[in-house]
Amino acid sequence: MRKLKRVLVLALTAGLMMSAGSCGKSGEETSENAGAESNAGFDINSQKIQDKTRVIESLINNNFYYETDPEKREAAYYKGLMYGLDDKYATYYTPEEFARVKEDDEGEYVGIGATVSKNMQTGEIYIVSPIKNSPAEEVGLLPDDVFVEIDGTELTTDMELDEVVKIIRGSEGSTAHLKMYREGESDFLEFDVPRRKIQSVTVEYEMLENGYGYIKISQFIETTADQFRAAVDELVSKGAKGLIFDVRNNPGGLTDIVDQMVDYLVKDDAIAKDGDPAKPGLILEMRDKNGTILYSDSAKDGHFVDLPMAVLMNGNSASSSEIFIGCLRDYGKVVMIGEKSYGKGIVQQTFPLTDGSAVKMTIAKYFLPAGSNIHETGIEPDQVVELTKEQKRMLYKLPYNEDPQLAAAIKALGGQPLPAPRSAESAGSGTTETTEGKNSESTEGTGSETTETTEDKSTETTEDKSTETTEDKSTETTEE
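Starting afresh in each chain, residues are numbered from 1 along the sequence in its written order. A pLDDT threshold of at least 70 governs which residues receive local features in this predicted model, and a stricter bar of 80 or more applies before side-chain atom pairs are shown or counted, although totals over entire chains, interfaces and linings include all residues. The side-chain numbers reported here are obtained from all heavy atoms of the structure, hydrogens and water having been left aside.

A. View of the nonpolar core. Counting residues in each nonpolar core, the largest one holds 55 residues, and the members touching the most others are I215, F228, F245 and F324. Any pair of residues with heavy atoms lying within 4.5 Å of one another is described as a contacting pair. Sequence-distant contacts of I215, that is, excluding residues within four places in its chain, are made with V203, E204, Y205, F228, A231, V232, L235, I244, F245 and D246. Within this scheme, the nonpolar core is defined by two criteria: the residues are buried Ala, Val, Leu, Ile, Met, Phe, Trp, Tyr or Cys, and they are joined through side-chain atoms within 4.5 Å. Exposure is judged per residue with a 1.4 Å probe applied to protein chains only, and the accessible area is read against the type maximum: over 50% gives exposed, under 20% gives buried, and values in between give partly exposed.

B. Structural view of the environment of I244. Only DSSP runs of H or I covering at least 4 residues are called helices, and only runs of E covering at least 2 are called strands; the numbering of each starts at the N terminus. On the secondary structure map, I244 appears in strand β12 (residues 243-246). A sequence separation of 29 residues divides I244 from I215, and the C-alpha atoms of the two residues are 6.1 Å apart. Setting aside anything within four residues of it in sequence, one finds I244 in contact with Y212, G213, Y214, I215, A310, L312, L406, A409, I410 and L413.

C. Geometry of a negative patch on the surface. A grouping of D69, E71, E74 and D355 is seen on the molecular surface, where their side chains present a negatively charged patch. E74 sits in the partly exposed class, given a relative accessible area of 42%. A patch is a set of surface residues, each over 30% in relative accessible area and not in a salt bridge, joined within 9 Å for like charges and within 5 Å for the nonpolar side chains Val, Leu, Ile, Met, Phe, Trp and Tyr. Each accessible area is a Shrake-Rupley result for a 1.4 Å probe, and residues are judged covered by the shown protein chains and nothing else. Whenever a carboxyl oxygen of Asp or Glu lies within 4 Å of a side-chain nitrogen of Lys or Arg, that contact is scored as a salt bridge. Charged-residue counts in this description rest on Lys and Arg as positive and Asp and Glu as negative, His and the chain ends being excluded. By convention, the point assigned to a charge is CZ for Arg, NZ for Lys, CD for Glu and CG for Asp.

D. Structural detail: the pattern of salt bridges. A complete count under the given rule lists 20 salt bridges for this structure. The salt bridge partner of K79 is E97, with a shortest N-O separation of 3.2 Å. Placement of the pair is K79 in helix α2 (residues 70-83) and E97 in helix α3 (residues 95-105), with a sequence separation of 18 residues. Taken as a pair, K79 and E97 share a single burial class, namely buried. The salt bridge involving D330 is made with R329; its shortest N-O contact spans 2.9 Å.

E. Region of interest: helix α7 (residues 255-265). With respect to burial, α7 is a largely interior element, ten of its eleven residues being buried. Residues T255, D256, I257, V258, D259, M261, V262, D263, Y264 and L265 constitute the buried set of α7.

F. Spotlight on the layout of surface pockets. Estimated volume of the second largest pocket: approximately 720 Å³. Around the second largest pocket, the lining is made up of 21 residues, and of these E71, K72, A75, K79 and T94 lie nearest the centre. Counting only elements with at least two residues in the lining of the second largest pocket, the list comes to α2, α3 and α5 (161-168). Of all the elements, α2 adds the most residues to the lining of the second largest pocket, at eight residues. Here the lining of the second largest pocket is built from residues that sort into six nonpolar, two polar and 13 charged. For each structure, a 1 Å grid was placed over the protein atoms alone; sets of points admitting a 1.4 Å probe that cannot get out are labelled cavities, open sets with protein on both sides within 12 Å along at least five of seven lines are labelled pockets, and lining residues have an atom within 4 Å of a point. Grid points are joined across faces, edges and corners, and a volume is the space filled by probe spheres set on the points. Under the scheme applied here, ten amino acids are nonpolar (Ala, Val, Leu, Ile, Met, Phe, Trp, Tyr, Cys and Pro), four are charged (Asp, Glu, Lys and Arg), and all others, including Gly, are polar.

Geometry only, nothing functional implied.
Pasting the structure below:
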């Protein structure tokens, strides 16, 4: 099996409807109106298309050996319409799939407790990281483990992330039997993983022993902004010398959520370096293919934080994560440490249909406060600090004093090196207490790096907006 490339996900978490920002509210489309307009050269109502469809249907009816599933054929028809857009983030959600996407974004689901992603180049679906204290972590699943078979169903490279997440998830109390490929092992590994209710904590924080506050953000979903504000408030009230934000392996999420978080740190009247003086406090603009501004947001909550800050980033920091990094960079708020970010600067929007289904497609590019778009270029850190292969693999539980990127951030802020490993007793976990840790690219579910846009992640989580936009990466991710 080919070696996995870490291509960030969807942030989505597989299906995040508003992952990189919500771009306005387009109303609900009816099944009849959706697709009424067609591109030149293709008209679904044309005689040519109807005649050809009848011929194909006749061939199927007269010659196909197996029984057909009408519902599956109908869904495939709609999925085909989206596939024909040649947009890797475009998709059709059946009512069942869309319900799961919304459930994911709300931060609670039944699954094994892992963030999973699809490598869009190889077709492999793999674990980004198990959630803290989850069944996946308890049985020994590790980052980069590749799914080979789930409950007797062999996975193929053409299977969609949503489809695989559906197989991984199940009823509470049942067991998922997994066959996994792990690099370096001579044979496949097999695991029996109990399915439990997973509540996603997307913000974890701690006051480090040297007096600096550490805040890890694993995804941007509905509950993340409240958890983030609570973490910042507690660390500031305890006298933090500075704040270190960790968005490594964060595939993105809802743009309106990341907007709120940036707003909490930046002055309302701040002017970005090289930004437009007429747009104080600008956080984000989304523009369509004609350059029309579809969505714009600026700082307005009257709150800011005046402390030294650093952000940890890597190649899996995508979509809304890049909005977070880029905004703080443009306002001169952070030192960026780690590796170049993923480079997803486009926005997807999810349009609900009247029968409970939905379609998602790319609708815009987003632009940061200084006017840049980072699509396919990413953001370069101020200081490049690389991790070893093993450190990357075990990053989710790497002791603080063994993390070279964290050490570099502390040094950049003028702090003293950490004297000892992290203490489990001093860790915080955002405003909501839950048994399972974070929620990232996707946890057995689907995320919609919405506008990560849709960040196409897939951590069994999804967002729920009437029209959502999410950001996506070339790798979808979701939680299971």
